[in-house]
Amino acid sequence: MTEQEIKDMLIDSGALFEGHFQLTSGLHADRYIQCARVLQYPARAEKLGQAAAADWQNSDIDAVIGPALGGVVFSYVAAAALGVRSLFSERKEGEMQLRRGFEIQPGESILVVEDVVTTGGSVQEVLDLLQDYEVEVAGITAIVDRSGGRVDFPFPFHPLLELEIEAVEPEDCPQCDQGLEIYSPGSKSTPGQRS
Ligand SMILES: [Zn+2]
């Protein structure tokens, strides 16, 4: 899939929408991304998994891992396309852990996935976790890298779509100046919701 095809799929799924948003950071943005909305469609999720797998099919991956919750479904579909195990990590008392009986053997080649990379914090927590298992990290993928190229992982990083979403202080927000209604994503009503 091309980046444009992925972007179109996100828009068509209501996963990427334009408007006036207050982010959890308090900053305002004119675009918002919620990958759960595209991953709710299994056929579309499968296509995203295949697109991710295409980038890593020569890397001899043994397993895919993503941080819960955002990385769980994407890990699963990418692993399905690669024909390997799908794992997820989760935070317990603030620490990223491998639970649920998941095992990783030393020397295995691991692909790390995330739905949206913003600061790269969750991915870094997974990388830190993997250090304990003496694995080989093949690389990292994400459905969307919205960091604007600011993340700097110590492994190859091939997101499916790079998308810069500029966030500004409310006093610098042009949409506030225009008096546009603002939405807080994550609340019950968000724009683009299909009834
Ligand atoms: Zn604003």
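Provided above is the structure to which this section pertains.
Residues numbered from 1 in each chain as written. Predicted model: local features only at pLDDT ≥ 70, side-chain atom pairs only at ≥ 80, totals over all residues.

Enquirer: For this particular structure, what's the right way to read helix α4 (residues 72-82)?
Expert: Where burial is concerned, most of α4 is hidden: nine out of the eleven residues are buried. For α4, the full list of buried residues reads V73, F74, S75, Y76, V77, A78, A79, A81 and L82. Of the surrounding elements, those touching the buried residues of α4 are α2 (36-39), α3 (42-56), β3 (63-67), β4 (85-92), β6 (109-117) and β7 (136-145). G83, located one to two residues past α4, shows a positive phi value of around 75 degrees. (Buried ≥ 20, exposed ≤ 12 C-beta atoms within 10 Å, placed from the backbone. Helix = DSSP H or I, 4+ residues; strand = E, 2+ residues; numbered from the N terminus. Contact = placed C-beta atoms within 7 Å.)

Enquirer: Explain the packing of α3 against α4 to me, please; I cannot follow it from the model alone.
Expert: Two measures define how a pair of helices packs: the angle their axes make with one another and the distance between the axes. Put simply, α3 and α4 touch, their axes get as near as 7 Å, and they point 60 degrees apart. With respect to α4, the element α3 is oriented oblique. When you trace α3 past α4, the crossing you get is right-handed. On α4, the residues that touch A45, E46, L48, G49, Q50, A52, A53 and W56 of α3 are V73, F74, V77, A78, A80, A81 and L82. For the contact of α3 with α4, the residue count by class is twelve nonpolar, two polar and one charged. (Axes fitted to C-alpha atoms, helices over the stretch in contact; angles between N-to-C directions. Parallel < 35°, antiparallel > 145°, perpendicular 65-115°, else oblique. Left-handed = near helix turned anticlockwise from the far one by under 90°. Nonpolar A, V, L, I, M, F, W, Y, C, P; charged D, E, K, R; others polar.)

Enquirer: Sorry, what's going on with the nonpolar core here?
Expert: Residues A52, V64, A78, L82, L111 and I143 are the most contacted members of the largest nonpolar core, which totals 50 residues. Broken down by element, this core gets its largest block of residues, eight residues, from α4. Residues within four places of L82 in sequence aside, it is in contact with A53, W56, I61 and V64. (Core = buried A, V, L, I, M, F, W, Y, C linked by C-beta atoms within 7 Å.)

Enquirer: What am I meant to see in α3 here?
Expert: Given 3.6 residues per helical turn, the α-helix brings residues three or four places apart onto the same face. The terminal C-alpha atoms of α3, which comprises 15 residues, lie 21 Å apart, in line with the 21 Å expected from a rise of 1.5 Å per residue. Buried residues of α3: A45, L48, G49, A51, A52, A53 and W56, and no others. (Expected span 1.5 Å × (residues − 1).)

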